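An overview of the molecular structure
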Amino acid sequence: MFQSIGELIVLFWTTLRAFPALWRNRAKVLDQIFEIGNASLLMACILSLFIGGVLALQTGPVLVERGLGQYVGGMVGISMCKELAPVMMAILIAGRIGSAMAAEIGSMQVYQEIDALRTMNINPVHYLVLPRLVAISLVLPVLIIFSIVVGWLGGALVASFNHQISIGFQSYFANLRNLVHVRSVVGGLLKGLIFAMIIGTVSCHQGLHTLGGPRGIGRSVTKAVVNSIVLILILDYILTRLLMFAD
Amino acid sequence: MNPVPSKSEVVLQVRHLSKSFGNVHVLKDITFDVYKGEIFVIMGPSGSGKTVLLKHLIGLDKPDKGEVLVHDKPVQNPEVMEKYRLAMVFQSGALLNSLTVGENVGLYLTEHRLKTPKEIEKIISEKLEIVGLSNVQNRLPADLSGGMKKRVAIARALVIEPEFILYDEPTSELDPMIAVTIGEEIVRLRDRVGATSIVVTHDRDLAFGIADRIAVLFNGNLLFIGTPDELKQNTNPDIQKFITAEFRFNKKNAA
Ligand SMILES: Nc1ncnc2c1ncn2[C@@H]1O[C@H](COP(=O)(O)OP(=O)(O)OP(=O)(O)O)[C@@H](O)[C@H]1O
Ligand SMILES: [Mg+2]
């Protein structure tokens, strides 16, 4: 385990050092961005609508009972942007995109395409890892913004139409605007950025270290997703704690 | 074939190369030299370690012991790849499946920005023509037959205009006519640009047809190294069996 963490750090560092090669690989970055966005945007929106909705549904009646009904907006607003949007989007992307990255690079490893790149003096980190890592780091924060907004909307819909809550759009968003600071949103985006780098590095690393034929690809994919999610959840706690100091 | 002048420059040296995977000793203390511009053929039965040896020659695998020197520098040295162009044609072709055939062939030029897109386009069709393919630029590798993939891989190596070109079974999936064309192309490449070729093959016709020297690998040991004529006269029973193996069963009995 410590060895893979070491390898992860080395891969991440090598990728960072490859940054000067980014401009010439910009077409690949755009391709990846398009691919990731295409694969995940709709799912992200649907997921977020329901997450916001269920948040309002769970907290609304409890708050109303205690005469705190007007706080539903702030409750959903803060939970979405600080916690749920970054973490849920990261998990979604780990499952949807991290797995695809590990599978693609893994099959290139198994079928010697990466060896072929090396013999052409093309660095696989520049050619494969860098564009993916940059693309995922750009896309995930954007997805999180979508998720936050859609989640707020989902909460608002439930808050106004559920007869146990019945808080109108206007007071919902007024309260939300009162309690949610730009700082909270930025903090959530920062988390997302770090999660994206985790997913990209872990998935590419698993892909590059695929061993033993087609069956190895399956193993790499599973490991990429599971390891990403575990790291995301652990780091989420640490990052939340750190962001509290900044608050 | 023209014999190699005895004072030819040594461009590639293999020194006491050993490699094991787990407890399987694949290469056992291999030592040989390759001269500039020669066609050096490595023969040997399946599983004898030919592919593993080639991968060491181009620096894809790290030896357990010993070293590979290109112009006296270790092949792992990044400078070697920059300065001396080495190309390898993989046994399976190893085309990038996400790219079209044309993009595969032109990859080296586009990635290293050596030519304008127009020039690259021209070079791609030129090299594909050499290996007897046309109108395949826009197809994906998955849609090609095994032999076509192999030829695309050869075209991709030719594009590099390499100083060293390593072929892993270049003719194994080709029909006899194209096999001959590829053999001729290997010789022509040497004559045109002085490329040094290292060819792994079981194809005896190809080996005796194009080799300046032949090495025979058996269970990870280098059993023989010399000219094709010397090989034919060698009396080692393993080598004799390998180079004279033929179908000898009686057709009547088989039926
Ligand atoms: N990555 C690896 N891990 C473990 N064993 C390996 C590996 N690569 C090769 N081998 C073993 O090394 C031996 C030699 O393999 P190699 O591919 O070099 O054979 P070859 O001479 O090229 O055979 P063929 O003519 O069938 O291609 C085989 O026994 C193979 O199982
Ligand atoms: Mg082989």
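Relevant structure appears above.
Just so you know, these numbers come straight off a predicted model, no measurement behind them. (Residues numbered from 1 in each chain as written. Chains lettered and ligands numbered in written order. Predicted model: local features only at pLDDT ≥ 70, side-chain atom pairs only at ≥ 80, totals over all residues. Heavy atoms only, no water.)

Moving on, we get to the overall build of chain A. Within chain A, the regular secondary structure consists of eight helices and zero strands. Starting at the N terminus, the α and β elements of chain A follow one another as α-α-α-α-α-α-α-α. Structurally, chain A occupies a C-alpha span of about 70 × 35 × 35 Å along its principal axes. In chain A, which comprises 247 residues, the share counted as buried stands at 49%. Sequence separation of at least 24 residues holds for 84% of the intrachain contacts in chain A that already meet a minimum separation of 6. Total accessible area on chain A is roughly 12,000 Å²; 70% of this is exposed by carbon and sulfur atoms. Here chain A contributes 16 positive and 10 negative side-chain charges, whose respective centroids are spaced 4 Å apart. (Helix = DSSP H or I, 4+ residues; strand = E, 2+ residues; numbered from the N terminus. Buried < 20%, exposed > 50% of the residue type's maximum accessible area, 1.4 Å probe, protein only. Contact = heavy atoms within 4.5 Å. Areas by Shrake-Rupley, 256 points an atom, 1.4 Å probe, with all protein chains shown as cover. Lys, Arg positive; Asp, Glu negative; His and termini not counted. Charge placed at Lys NZ, Arg CZ, Asp CG, Glu CD.)

On to the site of ligand 1. Residue and element names in this part refer to chain B. Around ligand 1 there are 13 residues in total, and Ser-46, Gly-47, Lys-50, Thr-51 and Gln-91 lie nearest to it. In this structure, Ser-46 approaches ligand 1 through a side-chain N or O atom, which is 2.4 Å from an oxygen atom. One of the backbone nitrogen or oxygen atoms of Val-52 is found 3.0 Å away from an oxygen atom of ligand 1. Burial of ligand 1 by the surrounding chains reaches 59%, relative to a free accessible area of 630 Å². When residues of the shell around ligand 1 are assigned to their parent elements, the largest contribution, three residues, is made by helix H1 (residues 50-57). A breakdown of the residues in the shell around ligand 1 according to their chemical character gives four nonpolar, seven polar and two charged. (Near = heavy atom within 4 Å. Polar contact = N/O pair within 3.5 Å; in protein donor to acceptor, adjacent residues only side chain to side chain. Nonpolar A, V, L, I, M, F, W, Y, C, P; charged D, E, K, R; others polar.)

What follows covers the coordination of the magnesium ion (ligand 2). The coordination sphere of the magnesium ion (ligand 2) contains the protein donors Thr-51 of chain B (OG1) and Gln-91 of chain B (OE1), at a distance range of 1.9 to 2.3 Å. A residue pair is termed long-range when its members are at least 10 positions apart, and Thr-51 of chain B in helix H1 and Gln-91 of chain B in the loop between strand E6 (86-89) and helix H3 (101-111) qualify at 40 residues. (Donors = N, O, S within 2.8 Å, 3.2 Å for Na, K, Ca; no water.)

Quick look at the packing of aromatic side chains now. This structure, assessed with the given rule, holds three aromatic pairs over all chains. Taking the centre distance of 5.0 Å and the plane angle of 80° together, the rings of Tyr-172 of chain A and Phe-173 of chain A count as edge-to-face. Ring plane angle 10° and centroid distance 5.0 Å describe the contact between Phe-32 of chain B and Phe-40 of chain B, whose orientation is recorded as stacked. With relative accessibility at 0%, the residue Phe-40 of chain B sits in the buried group. By way of ring pairs, the aromatic residues Phe-169, Tyr-172 and Phe-173 of chain A are connected into one cluster. In this structure, Lys-232 of chain B packs its charged tip against the face of Phe-208 of chain B, placed 4.8 Å from the ring centre. (Phe/Tyr/Trp six-rings, centres within 6.5 Å; stacked < 30°, edge-to-face > 60°. Lys NZ or Arg CZ within 6 Å of the ring centre and 35° of its normal.)

Moving on: the nonpolar core. Grouped together as the largest cluster of nonpolar side chains are 110 residues, with contacts concentrated most on Val-72 and Leu-140 of chain A together with Val-41 and Leu-128 of chain B. Sorting elements by how many residues they give to this core places helix H5 (residues 124-161) of chain A first, with 16 residues. Residue contacts for Leu-128 of chain B: discarding those within four places in its chain leaves Val-101, Val-105, Leu-133, Val-136, Gln-137, Val-152 and Ala-155 of chain B. Core analysis: the second largest hydrophobic core is formed by 34 residues, Leu-12, Phe-40, Ile-42 and Phe-90 of chain B among them. (Core = buried A, V, L, I, M, F, W, Y, C linked by side-chain atoms within 4.5 Å.)

Size of an interface: often given as the accessible area lost when the parts come together. Across the contact, 17 residues belong to chain A and 22 residues belong to chain B. Across the chain A/chain B interface, buried area totals approximately 1,700 Å², and carbon plus sulfur atoms make up 55% of it. Along the contact surface separating chain A from chain B lie two salt bridges. Linking Asp-115 of chain A and Lys-55 of chain B is a salt bridge whose minimum nitrogen-to-oxygen distance equals 3.6 Å. (Buried area = accessible area lost by both parts, 1.4 Å probe. Salt bridge = Lys/Arg side-chain N within 4 Å of Asp/Glu carboxyl O.)

Further remarks concern the pairing of strand E7 (residues 164-168) of chain B. On any regular strand, side chains alternate: one points to one face of the sheet, the next to the other face. Residues and elements named next belong to chain B. For E7, a buried count of five out of five residues is recorded, marking the element as mostly surrounded by other parts of the structure. Of the two faces of E7, both are covered, the one formed by Phe-164, Leu-166 and Asp-168 as well as the one formed by Ile-165 and Tyr-167. Across five bridges, the pairing between E7 and strand E8 (residues 196-200) is parallel. The residue bridging Leu-166 from the neighbouring strand is Ile-198, located in E8. Each parallel crossover has a hand, and for E7 linked through helix H6 (residues 176-193) to E8 it is right-handed. (Pairing = 2+ DSSP bridges. Right-handed = clockwise from strand over helix to strand, strands pointing away.)

Let us look at the environment of Ile-234 of chain A. Residues and elements named next belong to chain A. The topology assignment puts Ile-234 in helix H8 (residues 213-246). Since its relative accessible area comes to 48%, Ile-234 is described here as partly exposed. Residues Ile-234 and Arg-96, 138 residues apart in the sequence, show an inter-C-alpha distance of 20 Å.

Glancing now at helix H7 (residues 182-208) of chain A. In a regular helix each residue adds 1.5 Å, so 27 residues correspond to 39 Å; H7 of chain A covers 39 Å between its end C-alpha atoms and thus fits that length. Among the 27 residues of H7 of chain A, 19 are classified as buried, and the element is accordingly described as predominantly covered. (Expected span 1.5 Å × (residues − 1).)

Attention now goes to the packing of helix H4 (residues 117-130) of chain B against helix H5 (residues 146-159) of chain B. Residues and elements named next belong to chain B. Taken N-terminus to C-terminus, the directions of H4 and H5 make an angle of 130°; their axes are 9 Å apart at the nearest point. Taken together, H4 and H5 sit at an angle that is classed as oblique. Taken as a pair, H4 and H5 cross one another with a handedness that is right-handed. Together, Ile-123, Lys-127, Leu-128 and Ile-130 of H4 and Val-152, Ala-155, Leu-158 and Val-159 of H5 make up the contact between the two elements. In terms of residue class, the contact of H4 with H5 is built from seven nonpolar, no polar and one charged. (Axes fitted to C-alpha atoms, helices over the stretch in contact; angles between N-to-C directions. Parallel < 35°, antiparallel > 145°, perpendicular 65-115°, else oblique. Left-handed = near helix turned anticlockwise from the far one by under 90°.)

Residue and element names in this part refer to chain B. On the basis of which strands lie adjacent, the open sheet formed by six strands has the order E6-E7-E8-E3-E9-E10 and mixed pairing. On the outer flanks of this sheet lie E6 and strand E10 (221-226), each paired with one strand and no other. Each strand axis lies, on average, 15° off the axis of its neighbour in the sheet, ignoring direction. Bridge count for strand E3 (residues 39-43) against strand E9 (residues 213-218) is four bridges, and the pairing is parallel. Counterpart to Ile-42 in the pairing with E9 is Ala-215.

On to H4 of chain B. For the α-helix, the turn length of 3.6 residues means that residues three or four positions removed from each other point alike. Residues and elements named next belong to chain B. For H4, with 14 residues, the first-to-last C-alpha span of 20 Å sits near the 20 Å given by 1.5 Å per residue. Within H4 the residues assigned to the buried category are Ile-120, Ile-123, Ile-124, Lys-127 and Leu-128. Taken down its axis, H4 places every buried residue within 130° of arc, on the same side. Along H4, the residues that are exposed and aim more than 90 degrees away from the buried face are Lys-118, Glu-121, Lys-122 and Glu-129. Close packing links the buried residues of H4 with H3, H5 and H6. Positive phi shows up at Gly-132, right after H4, with a value of about 80°. (Arc of directions from axis to C-beta.)

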